[in-house]
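# Per-entry structural report
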Amino acid sequence: MVAMKANDPLGIENDLWAAADAMRGGMDASEYKHVALGLIFLKYISDAFEAKHAELLADEYSDAEDSEEYLAENIFWVPKEARWENLKNNAKQPTIGKLIDDAMIAIEKSNDPLKGVLSKDYARPSLNKQVLGKLIDLFSGIGMGDAKSKSKDVLGRVYEYFLGRFASAEGRAGGEFYTPRSVVNLLVNMIEPFKGRIYDPCCGSGGMFVQSEKFVQEHGGRLGDVAIYGQEMNHTTWRLAKMNMAVRGIDADIKWNAEGTFYTDAHNSLKFDFTLANPPFNVSDWGGDTLSDDVRWKWGTPPAGNANYAWLSHILHHLKPTGTAGVVLANGSMSTNQKAEKTIRKNLVDNDLVDCMVAMPGQLFYSTQIPVCLWFMTRSKKANGFRGREGEILFIDARKMGFLVDRVRRELTEEDIKKISDTYHAWRGEETAGKYEDIAGFCKAAKLEDVAANDYVLTPGRYVGAEEIEDDGIPFEEKMAELTETLFAQMEEGRKLDVAIRENLKGLGYGE
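Bear in mind the structure is a predicted one, so any value in this text is a computation, not a measurement. (Residues numbered from 1 in each chain as written. Predicted model: local features only at pLDDT ≥ 70, side-chain atom pairs only at ≥ 80, totals over all residues. Heavy atoms only, no water.)

### Notes on the overall build of the protein
Each helix and strand in the protein was counted, giving 17 helices and eleven strands. Pairs at least 24 apart in sequence give 72% of the contacts found in the protein among residues at least 6 apart. In the form shown here, the protein has an accessible surface area of approximately 24,200 Å², with 51% of it arising from carbon and sulfur atoms. (Helix = DSSP H or I, 4+ residues; strand = E, 2+ residues; numbered from the N terminus. Contact = heavy atoms within 4.5 Å. Areas by Shrake-Rupley, 256 points an atom, 1.4 Å probe, with all protein chains shown as cover.)

Structure below.
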C-alpha cells in the first residue's frame, strides 16, 4: 500500500525530539512545549516573509522593505530586528531571551491580527538561555514557511507532533488531543462543508477549520465561502489557533474563556450548518452536576461523570434544521450501558438524529491508544438535496484500514478516505457517488428497528457482519488432511528441538 504524499513523515521528528532530550534536564515538558511552539511560529512567519522578500528583491520595480507588499498577500510584515536571521546570529548571546521578546512585540505592533497572541516571556531568568540558543540553531535548519513546507502543513504537523510527544510526559489530565490529519480529512470529506457556518466547540489549534477551507478551495469555492466559529478553553491552544488562522488568511471568530463551552457557551445564540469536533474523551470532571437543567439536554441529562454525551447534545443543539455534524469520540460511546448515556443514545436513535457511524482503526492518535469512532448526526434526513433516508442509519466498519507510519501510529490513506466517504455519499443518494450497496464486513444500511432490536448499540461490527471469504475450491476433507499433516510435522520438529535444548543444557552442567 502506498502512502499519499500529504501523509509522508516530515523527516524532522528525530531532530525535534533530540532537542527535547537536550532540554529535558532544565525544564519540564509543558514549559518546553510552550517555548518551542512560540519559536516555531516565529520561524514560520519569518520563512514566509523571507521567501517574499527574496522575490521582491529580484524585482527592480518593487520595494522589498514596503510592508504593504506583504500584507496585501496575507504575509506578515517582519521588522528587521525581528527577522530569524538576526536571532540566529545572536543565538549564543545571554540577551537572546530579550531579543526574542522584542521580536514578538515588534511583530504584534506591525500586524493587527496577532495582537495579544504571541508569547513574550523568553527573557525570564528561569529560562536557560544556552538551551534557548540551541533550540534556535535546531529550528534554523527546518523550513516551515516556504511554499513547499506550507503545502505539507509543516506548522500544523509539528504542533501535532509536539502535542503527542509531550502528552505522555505531561499526563493526559487535560484531555487535550490534537486530531490527526487523516481523521480531519475524513470528517471534512464526509460532511462536505461547501458553504455556510462551520463550528467547532473545542477547536484546539483549528485543524478542522484549515481542512474545511482547503476542501472549499479544492472544489472550486473561495476563501470565505464558509464562516468559521470556534471556542477553546486552553489559552495557549487558543493562541495557536489564532496564529494558525492568521498565517492562512482565514477570518475566524474563535472565542476563549477559562470556563469552557459547557459553562460559558460563547456562541449560544447561533445555529450552524456544519459542526466538526474532536472533544476530549471521557472527561469526568466537566461540572455536569451544576448544569442539570440546561436547555441543551433535550434528549436526556448527561451523567456528571462523563462528558461524551454532553458534547453530542451541545453539538446537536447548535445545528440548523438541515445541519450535519461529524464528531470523534471514544468507542465506548457507541455501546455504554451507563443509564443516562443509554437513555440519550436511545432518544437520538428514536428521533432519527444519527446518520452514520464509523468504527476507526486503532493507533490513529499520537497521544492516546484509545480506539475511536465517528458519529455523524443530522437534524433532518428528509430529501433536502440528498435522498430521503428517514428511519435508516449507515454503519461502516473501517477498523482494518490504514497503514502503520511507525511502530505505534497508523494513518488512513487517501484511498481509504475516499472509499469511506464515497460509501456515505452513495448511501445519501448523491448523483456522482454511484449506487449504494451493503458490503459484508464493511457497510450496512440498517433500519431503526434493527438498532432497537440490538438494544440501541451503535457498534458497526454488530451490523455489517463478517467479511465474505472467497472459496478456494479445495474440498474440506482434502484441506483438513493437509492442515493435520502440517501440524503433526511441526509437533515432531518441536519435539526434536526440545531434545536438542536439553542436551545442550546438560553439556553446560544444567541437566536434570
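### With respect to unusual backbone geometry
Of note, Glu 192 is a non-glycine position whose phi angle comes to about 50°, a positive value. The residue Glu 192 is located in the loop between helix 9 (181–191) and strand 1 (196–200) in this model. Residue Glu 192 is classed as buried on the basis of its relative accessible area, which comes to 14%. (Buried < 20%, exposed > 50% of the residue type's maximum accessible area, 1.4 Å probe, protein only.)

### With respect to the confidence of the model for the protein
When the pLDDT values of the protein are averaged, the result is 86; 86% of them are 70 or greater. When the criterion is pLDDT under 50, residues 1–7 qualifies, and its contacts beyond four places in sequence or with other chains add up to 19 contacts. Low pLDDT (under 50) marks residues 171–175, which in the prediction has five contacts with non-local residues, meaning those over four places away or in another chain. (pLDDT = per-residue confidence, 0-100.)

### Quick look at the pairing of strand 6 (residues 354–359)
With six of six residues buried, strand 6 lies mostly within the body of the structure. Pairing between strand 6 and strand 8 (residues 392–397): four bridges, direction parallel. By the bridge assignment for strand 8, Val 358 is matched with Ile 396. (Pairing = 2+ DSSP bridges.)

### Regarding the side chain of Ser 119
Secondary-structure assignment places Ser 119 in the loop between helix 5 (96–110) and helix 6 (129–140). A distance of 2.2 Å separates polar atoms of two side chains, one belonging to Ser 119 and the other to Arg 239. (Polar contact = N/O pair within 3.5 Å; in protein donor to acceptor, adjacent residues only side chain to side chain.)

### Quick word on the sheet that holds strand 1
The nine strands are arranged 3-2-1-4-5-7-6-8-11 in an open sheet whose pairing can be described as mixed. Each edge of the sheet is formed by a strand with only one pairing partner; in this case those strands are strand 3 (252–256) and strand 11 (443–447). Strand-to-strand, the axes of this sheet are offset by a mean angle of 15°, without reference to chain direction. In the packing of helix 12 (residues 308–317) onto the sheet, contacts are made with strand 1, strand 4 (272–277), strand 5 (319–330) and strand 7 (372–378), and the angle to strand 5 comes to roughly 160°. Packing against the sheet, helix 14 (residues 414–428) makes contact with strand 5, strand 6, strand 7, strand 8 and strand 11, and its axis sits at approximately 165° to strand 8. (Axes fitted to C-alpha atoms, helices over the stretch in contact; angles between N-to-C directions.)

### With respect to the side chain of Arg 389
Note that Arg 389 resides in the loop between strand 7 and strand 8. Not counting the four nearest positions on each side in its chain, Arg 389 is found in contact with Asp 355, Thr 378, Ser 380, Lys 381, Trp 427 and Arg 428.

### Topic: the pattern of salt bridges
As enumerated under the stated definition, the model contains 24 salt bridges in all. Here Asp 397 makes a salt bridge to Arg 399, at a shortest N to O gap of 2.6 Å. Salt bridges here are not isolated pairs; linked through shared partners, they connect Lys 52, Glu 55 and Glu 73. (Salt bridge = Lys/Arg side-chain N within 4 Å of Asp/Glu carboxyl O.)

### Quick notes on the environment of Ile 393
Looking at the secondary structure, you find Ile 393 in strand 8. With near-sequence residues (within four places) excluded, Ile 393 lies in contact with Val 349, Val 354, Asp 355, Cys 356, Lys 381, Trp 427, Lys 444, Ala 445, Ala 446, Leu 448, Val 451 and Leu 458.

### Considering the nonpolar core
Counting residues in each nonpolar core, the largest one holds 48 residues, and the members touching the most others are Met 190, Val 358, Met 360, Leu 374 and Phe 376. At seven residues, helix 9 tops the list of elements feeding residues into this core. Those residues in contact with Phe 376, other than ones at most four positions away along the chain, are Leu 187, Met 190, Ile 191, Ala 325, Gly 326, Leu 353, Val 354, Asp 355, Cys 356, Val 358 and Tyr 424. Ranked by size, the runner-up nonpolar core spans 43 residues in total, among them Phe 41, Ala 106, Ile 107 and Ala 246. (Core = buried A, V, L, I, M, F, W, Y, C linked by side-chain atoms within 4.5 Å.)

### Points about the packing of aromatic side chains
Counting across every chain of the model gives 15 aromatic pairs. Geometrically, the ring pair formed by Tyr 309 and Trp 375 is edge-to-face, given 5.9 Å between the ring centres and 85° between the ring planes. Here Tyr 309 is found in helix 12, whereas its partner Trp 375 is found in strand 7, with 66 residues between them in sequence. Note on accessibility: Tyr 309 and Trp 375 belong to one class, buried. Between Tyr 424 and Trp 427 the ring centres are 6.2 Å apart and the planes differ by 25°, which places this aromatic pair in the stacked class. One end of the pair is Tyr 424 and the other is Trp 427, both in helix 14 and three residues apart, which spans about a single turn. For Tyr 424, a relative accessible area of 0% translates into the label buried. The buried category is assigned to Trp 427, whose relative accessible area is 1%. The rings of Phe 262, Trp 286, Trp 297 and Trp 311 are connected pair by pair, giving a single aromatic cluster. Its guanidinium or amino end placed over the ring of Phe 442, Lys 419 lies 4.4 Å from that ring's centre, counting from NZ or CZ. Looking at Arg 428, its charged tip hangs above the ring of Phe 386, at a distance of 3.8 Å from the centre. (Phe/Tyr/Trp six-rings, centres within 6.5 Å; stacked < 30°, edge-to-face > 60°. Lys NZ or Arg CZ within 6 Å of the ring centre and 35° of its normal.)

### A short note on the state of the cysteines
Across all of its chains, the model carries zero disulfides by this definition. Of all cysteine sulfurs in the structure, the one in Cys 443 sits closest to Cys 356, which takes part in no disulfide; the separation is 9.4 Å. Owing to a relative accessible area of 1%, Cys 443 belongs among the buried residues under this scheme. (Disulfide = S-S within 2.5 Å.)

### A look at helix 6
The end-to-end C-alpha distance of helix 6, which contains twelve residues, comes to 16 Å, matching closely the 16 Å that a straight helix rising 1.5 Å per residue would cover. For helix 6, the set of buried residues is Lys 129, Val 131, Leu 132, Gly 133, Leu 135, Ile 136, Leu 138 and Phe 139. The N-cap of helix 6, judged by a side-chain oxygen 2.8 Å from the amide nitrogen of Gln 130 a few residues on, is Asn 128. (Expected span 1.5 Å × (residues − 1).)

### Quick look at the packing of helix 12 against helix 13 (residues 339–350)
Packing of helix 12 against helix 13 leaves a shortest axis separation of 10 Å and a crossing angle of 30°. The orientation of helix 12 with respect to helix 13, classified from their angle, is roughly parallel. Crossing angle aside, the handedness with which helix 12 passes helix 13 is left-handed. For the pair helix 12 and helix 13, the contacting residues are Tyr 309, Ser 313 and Leu 316 in the first and Glu 341, Ile 344, Arg 345 and Leu 348 in the second. Looking at the contact of helix 12 with helix 13, its residues break down into four nonpolar, one polar and two charged. (Parallel < 35°, antiparallel > 145°, perpendicular 65-115°, else oblique. Left-handed = near helix turned anticlockwise from the far one by under 90°. Nonpolar A, V, L, I, M, F, W, Y, C, P; charged D, E, K, R; others polar.)

### Regarding the packing of helix 9 against helix 14
Packed helix pairs are specified by the crossing angle of their axes together with the interaxial distance, meaning the distance between the axes. Packing of helix 9 against helix 14 brings their axes to within 9 Å, and their N-to-C directions diverge by 20°. With respect to their mutual orientation, helix 9 and helix 14 come out roughly parallel. By crossing handedness, the relation of helix 9 to helix 14 is classed as right-handed. Residues Ser 182, Asn 185, Leu 186, Asn 189, Met 190 and Ile 191 of helix 9 pack against Ile 417, Ile 420, Ser 421, Tyr 424, His 425 and Arg 428 of helix 14. Considered class by class, the residues forming the contact of helix 9 with helix 14 number six nonpolar, five polar and one charged.

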